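What follows is the residue order along each chain.
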Amino acid sequence: MLVEVFEGDIEESDWEHALGGIHALAYEDGELVGHASVVQRRLIHDGRALRTGYVEAVGVRAHARRRGHAGALMDAIERVIRGAYELGALGASDMALPFYRTRGWLPWEGETYALTPQGIERTPDDDDALLVLEVTTELDRAAFITCDWRDGAVW
Ligand SMILES: CC(C)(COP(=O)(O)OP(=O)(O)OC[C@H]1O[C@@H](n2cnc3c(N)ncnc32)[C@H](O)[C@@H]1OP(=O)(O)O)[C@@H](O)C(=O)NCCC(=O)NCCS
């Protein structure tokens, strides 16, 4: 379903990133039309490794869009984030940015980095896509933030 939703622009590693946490599924007349998941990651910010609910693989089939499915999926995912994590974070597609912004997700304004096997590396291409949801930790969104390592897209 997600291959169709992302028109083929989804790697095996993108799906792997979506596993190991909690999934939300949306159905319409028995057909699976939407998916979102939240997994635990560590984001390093202000000298702390923050327990982060990282949102992955949010997608709704084209024929079922603008009917509130993604909103319902994110209601469930945000409930998990607020109950279990210090903050929420996600890397948004251009298309989905307005959707998340209307839900209170805030853009990261500072520089992004990744903790790679070679050390800390700057990830400038990800700066504009990173959105966060404050839960228990006050964030300085103008400062820098570093994600833990994984194969494929790091953010
Ligand atoms: C982004 C996406 C998940 C939204 O799913 P959806 O089920 O259509 O979203 P909803 O119906 O719950 O939208 C709720 C509100 O979000 C906003 N919104 C949703 N899609 C939007 C869009 N393309 N442009 C602007 N605002 C949008 C609107 O305010 C909408 O309310 P409205 O329909 O009453 O105006 C869907 O378009 C999609 O799967 N896109 C392709 C994959 C993708 O980019 N996923 C996100 C990865 S981060």
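Use the structure listed above.
Definitions and limits used
Residues numbered from 1 in each chain as written. Predicted model: local features only at pLDDT ≥ 70, side-chain atom pairs only at ≥ 80, totals over all residues. Heavy atoms only, no water. Near = heavy atom within 4 Å. Polar contact = N/O pair within 3.5 Å; in protein donor to acceptor, adjacent residues only side chain to side chain. Areas by Shrake-Rupley, 256 points an atom, 1.4 Å probe, with all protein chains shown as cover. Helix = DSSP H or I, 4+ residues; strand = E, 2+ residues; numbered from the N terminus. Nonpolar A, V, L, I, M, F, W, Y, C, P; charged D, E, K, R; others polar. Expected span 1.5 Å × (residues − 1). Buried < 20%, exposed > 50% of the residue type's maximum accessible area, 1.4 Å probe, protein only. Arc of directions from axis to C-beta. Salt bridge = Lys/Arg side-chain N within 4 Å of Asp/Glu carboxyl O. Phe/Tyr/Trp six-rings, centres within 6.5 Å; stacked < 30°, edge-to-face > 60°. Lys NZ or Arg CZ within 6 Å of the ring centre and 35° of its normal. Patch = residues over 30% accessible without salt bridge, like charges linked within 9 Å, V, L, I, M, F, W, Y side chains within 5 Å. Core = buried A, V, L, I, M, F, W, Y, C linked by side-chain atoms within 4.5 Å. Contact = heavy atoms within 4.5 Å.

Visitor: Where do I start with the site of the ligand in this structure?
Guide: Taken together, 20 residues surround the ligand, and among them V58, R66, G68, G71 and S93 come closest. The contact in question runs from an oxygen atom of the ligand to an N or O atom on the backbone of R66, over 2.7 Å. When the ligand is considered free in solution it has 900 Å² of accessible area, and contact with the protein chains removes 75% of it. Elements that contribute at least two residues to the shell around the ligand include exactly β3 (48-60), α3 (69-84) and α4 (97-102). Counted by class, the shell around the ligand contains 11 nonpolar, 6 polar and 3 charged residues.

Visitor: Quick question: what am I supposed to make of α3 here?
Guide: Three- or four-residue spacings in an α-helix give side chains the same orientation, since the helix completes a turn every 3.6 residues. For α3, which comprises 16 residues, the first-to-last C-alpha distance of 23 Å matches the rise-based estimate of 22 Å (1.5 Å per residue) to within 8%. Listed as buried for α3 are H69, A70, G71, L73, M74, I77, E78 and I81. Down the axis of α3, the buried set is contained in an arc of 170 degrees. They therefore lie on one face. In α3, the exposed positions that point more than 90 degrees away from the buried face belong to R79 and G83.

Visitor: Explain the pattern of salt bridges to me, please; I cannot follow it from the model alone.
Guide: Opposite charge on two side chains allows them to pair when their charged atoms are near. Going through the model one piece at a time under the given rule, you end up with 11 salt bridges. Residues E31 and R61 are paired through a salt bridge, measuring 3.2 Å at the closest nitrogen-oxygen approach. Here R61 lies in the loop between β3 and α3 and E31 lies in strand β2 (residues 31-45), a separation of 30 residues in the sequence. Residue R61 is classed as buried on the basis of its relative accessible area of 15%. The network of salt bridges with common partners includes E4, E31 and R61.

Visitor: Explain the packing of aromatic side chains here, please?
Guide: Each aromatic ring pair is specified by the distance between its two centres and by the angle formed by the two planes. Throughout the structure, instances matching the rule amount to 3 aromatic pairs. The positively charged end of R41 is found above the aromatic ring belonging to Y54, 4.7 Å away from the centroid.

Visitor: Would you mind showing me how to read a nonpolar patch on the surface here?
Guide: A cluster of nonpolar side chains, namely I44, L115 and I120, defines an oily patch on the protein surface of about 240 Å² accessible area. Structurally, I120 can be placed in strand β7 (residues 119-122). Under the relative-accessibility criterion, I120 is labelled exposed at 58%.

Visitor: Got a minute to help me understand the nonpolar core in this structure?
Guide: One broad rule of soluble globular proteins: the nonpolar side chains tend to lie buried together. V55, M74, I77, I81, L90, Y100 and W105 are the most contacted members of the largest nonpolar core, which totals 22 residues. Within the residue set of this core, elements represented by two or more residues are β1 (22-28), β2, β3, α3 and β8 (130-134). The greatest single-element share of this core, amounting to 5 residues, is contributed by α3. Those residues in contact with L90, other than ones at most four positions away along the chain, are Y54, V55, M74, Y100, W105, A129, L130 and L131. Grouped together as the second largest cluster of nonpolar side chains are 15 residues, Y54, L87, V132 and W155 included.

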